[in-house]
Amino acid sequence: MQRTLSIIKPDGVSRKLIGKVIKKLEKSGLKIIAMKMLHMTRAQAEGFYAVHKERPFFASLTDFMCSGPVVVMVLEGENAISIYRDLMGATNFKNAAEGTIRREYATDIEKNVVHGSDSPESAAFEIGYFFNSFEIVK
Ligand code: ADP
Ligand code: MG
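Residues numbered from 1 in each chain as written. Chains lettered and ligands numbered in written order. Predicted model: local features only at pLDDT ≥ 70, side-chain atom pairs only at ≥ 80, totals over all residues. Heavy atoms only, no water.

(A) Quick peek at the sheet that holds strand 4 (residues 114–116). One open sheet accounts for four strands, arranged 2-3-1-4; its pairing is antiparallel. In this open sheet, the two strands that pair with only one neighbour each are strand 2 (31–38) and strand 4. Neighbour-to-neighbour, the strand axes of the sheet open up by a mean angle of 20°, direction not taken into account. Examined bridge by bridge, strand 1 (residues 2–8) and strand 4 share three bridges and lie antiparallel to one another. By the bridge assignment for strand 4, Ile8 is matched with Val114. (Pairing = 2+ DSSP bridges. Helix = DSSP H or I, 4+ residues; strand = E, 2+ residues; numbered from the N terminus. Axes fitted to C-alpha atoms, helices over the stretch in contact; angles between N-to-C directions.)

The following block contains the structure:
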């Protein structure tokens, strides 16, 4: 069993895509074991994306991520990290496979609707960033 962190980004929430994203998650067989809505401060967004702080898009990305509420979830299942990455599609929606969340709903390389952890190490950091043990159902 593996866990991964999912975020429906501010563009997904403001464009009323929460239900559509969750429908795809539930169809994929992944189990949602934690979920909440929150609005990050700039400092919280910068802390979350600290691995990208040297990238040219860091300021714009963290601006975007604190521009409105997000929905954060913990997903569980066998190979949850890669199953969810496949369901999201490529970072750039123009390269994302047919049927993926980003291919269907993203409008921009930055405003790409969803986030997903990329490794067991980042999943552990990202889940702990948003949830304590009482907020994750067993
Ligand atoms: P992913 O979210 O697919 O794991 P990355 O971790 O590389 O992608 O990047 C984190 C986020 O930063 C992306 O989801 C996207 O919102 C934004 N981003 C990535 N690359 C670019 C870029 N070249 N220009 C603008 N924003 C970008
Ligand atoms: Mg990433």
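After that view of the structure, there is still more to cover.
(B) Region of interest: the packing of aromatic side chains. Counting across every chain of the model gives five aromatic pairs. Look at Tyr129 and Phe130: their rings are 5.3 Å apart centre to centre, the planes differ by 85°, and that puts the pair in the edge-to-face class. Since its relative accessible area comes to 10%, Phe130 is described here as buried. Aromatic ring contacts, followed pair by pair, group Phe48, Tyr49, Phe125, Tyr129 and Phe130 into a single cluster. (Phe/Tyr/Trp six-rings, centres within 6.5 Å; stacked < 30°, edge-to-face > 60°. Buried < 20%, exposed > 50% of the residue type's maximum accessible area, 1.4 Å probe, protein only.)

(C) Representation of the pairing of strand 1. The element strand 1 is largely enclosed, with a buried count of five among its seven residues. Here strand 1 pairs with strand 3 (residues 70–77) via seven bridges, running antiparallel. Each residue of the ladder has a partner; that of Ile8, found in strand 3, is Val71.

(D) Representation of the nonpolar core. If you look at the biggest cluster of nonpolar residues, it comprises 21 residues, and the most contacted ones within it are Leu5, Ile7, Met65, Val74, Phe130 and Phe131. Of all the secondary-structure elements, those providing two or more residues to this core are strand 1, strand 2, helix 3 (42–48), helix 4 (58–65), strand 3 and helix 7 (120–130). No other element matches the four residues that helix 4 contributes to this core. Apart from residues no more than four positions distant in its own chain, Val74 is found in contact with Arg3, Thr4, Leu5, Lys31, Ile32, Ile33, Ala34, Ile127, Phe131 and Ile136. Ranked by size, the runner-up nonpolar core spans 20 residues in total, among them Leu25, Val71, Leu87 and Phe93. (Core = buried A, V, L, I, M, F, W, Y, C linked by side-chain atoms within 4.5 Å. Contact = heavy atoms within 4.5 Å.)

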